[in-house]
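Notes for the structure review
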Amino acid sequence: MTAPATAQADVTIAADPGTVYRMITDLPTLASLAEEAHAMEWQKGDAAQPGAVFKGHNRNGSRTWTTVCTVTDAEPGRRFAFDVKSMMLPVAHWRYDITPTDGGCTVTEATWDRRPGWFKKVAGLATGVRDRTAANAEHIRLTLQRLKEKAESA
């Protein structure tokens, strides 16, 4: 993605980049770290590699929805990214970049909102999230905090 992310944050983690990458690309672990996603499973392929597809099961309060995610980048220890669709429509692109540091790594999580304009209100009603950019910024902050805690205690 060349345009600026619609939401992004980073965290420095005292853990090996390979270990952190394995946590991010293990779907049950990623779902346990995320705010809205509560389950994910492979639909095509069984590991993080370009072209692999997984289903995301999401919830916000009593509202639930599923997404279909296609892996676009899978560079062990460096990057994991995927495109998200809902009802065949592009919804978002998510990316995790891992940069080695002395004593660990920095993880940057970013997302790009790719919803068509007309779909944003419909999606807001379906998910209960009116301000997706603000919600994603908070969700990224929480996900990275949980990732740091899990990786540093492993």
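Further up the page is the structure itself.
Quick caveat: nothing in here was measured; it's all calculated off a predicted structure.

It is worth spelling out unusual backbone geometry at this point. Most peptide bonds adopt trans geometry, and most residues besides glycine take a negative phi value. Unlike most non-glycine residues, M87 shows phi in positive territory, near 50°. Despite not being glycine, M88 has its phi angle at roughly 70°, a positive value. Its location among the elements puts M88 in the loop between strand 5 (79–86) and strand 6 (89–101). By relative accessible area, M88 is classed as exposed at 71%.

Two faces make up the sheet, and in a regular strand the side chains alternate between them. Of the pairings in the sheet, the one linking strand 2 (residues 37–44) to strand 3 (residues 53–60) comprises 6 bridges and is antiparallel in character. Bridge pairing in strand 3 links W42 to F54. For strand 3 and strand 4 (residues 63–75), the ladder comprises 8 bridges, and the chain directions are antiparallel. The partner of G56 across the bridge, within strand 4, is T67. With antiparallel pairing between neighbouring strands as the criterion, strand 3 and strand 4 make up a hairpin whose turn holds 2 residues, including G61 at a positive phi of roughly 65°.

The next subject is the packing of helix 1 (residues 17–25) against helix 4 (residues 132–153). Packing of helix 1 against helix 4 leaves a shortest axis separation of 10 Å and a crossing angle of 125°. Considered as vectors, helix 1 and helix 4 are oriented oblique to each other. Considering the relative orientation of helix 1 and helix 4, their crossing is right-handed. Note on element contacts: helix 4 touches helix 1 through L147, K150 and A151, opposite V20, M23 and I24. Looking at side-chain class alone, the contact of helix 1 with helix 4 contains 5 nonpolar, no polar and 1 charged residues.

Before going further, it helps to spend a moment on the layout of surface pockets. One number sums up the size of the largest pocket: a volume of about 660 Å³. Forming the boundary of the largest pocket are 36 residues, of which E36, N58, W65, T67 and W94 lie nearest the centre. For the lining of the largest pocket, the secondary structure elements donating two or more residues are strand 2, strand 3, strand 4, strand 5, strand 6, strand 7 (104–113), helix 3 (117–127) and helix 4. Per-element tally for the lining of the largest pocket: the top contributor is helix 3, with 6 residues. Taken together, the residues of the lining of the largest pocket break down into 19 nonpolar, 11 polar and 6 charged.

Attention shifts here to the packing of aromatic side chains. A full pass over the atoms with the stated rule returns 4 aromatic pairs. Ring centres 5.1 Å apart and planes at 70° place the aromatic pair F54 and F82 in the edge-to-face group. Remark: F82 occurs in strand 5 and F54 occurs in strand 3; sequence separation between them is 28 residues. Accessibility expressed as a relative area gives 1% for F54, which makes it buried. One aromatic cluster is present, built from ring pairs that chain together W42, F54, F80 and F82.

With that settled, consider helix 1. In terms of burial, helix 1 is largely enclosed, as 7 of its 9 residues are buried. Between the side-chain oxygen of the N-cap and the backbone nitrogen of G18 there are 2.9 Å, and the N-cap of helix 1 in question is D16.

Rules and cut-offs
- Residues numbered from 1 in each chain as written.
- Predicted model: local features only at pLDDT ≥ 70, side-chain atom pairs only at ≥ 80, totals over all residues.
- Heavy atoms only, no water.
- Helix = DSSP H or I, 4+ residues; strand = E, 2+ residues; numbered from the N terminus.
- Buried < 20%, exposed > 50% of the residue type's maximum accessible area, 1.4 Å probe, protein only.
- Pairing = 2+ DSSP bridges.
- Axes fitted to C-alpha atoms, helices over the stretch in contact; angles between N-to-C directions.
- Parallel < 35°, antiparallel > 145°, perpendicular 65-115°, else oblique.
- Left-handed = near helix turned anticlockwise from the far one by under 90°.
- Contact = heavy atoms within 4.5 Å.
- Nonpolar A, V, L, I, M, F, W, Y, C, P; charged D, E, K, R; others polar.
- 1 Å grid on protein atoms, 1.4 Å probe; cavity = no way out; pocket = protein on both sides within 12 Å on 5 of 7 lines; lining within 4 Å.
- Points joined across faces, edges and corners; volume = space filled by probe spheres on them.
- Phe/Tyr/Trp six-rings, centres within 6.5 Å; stacked < 30°, edge-to-face > 60°.
- Polar contact = N/O pair within 3.5 Å; in protein donor to acceptor, adjacent residues only side chain to side chain.

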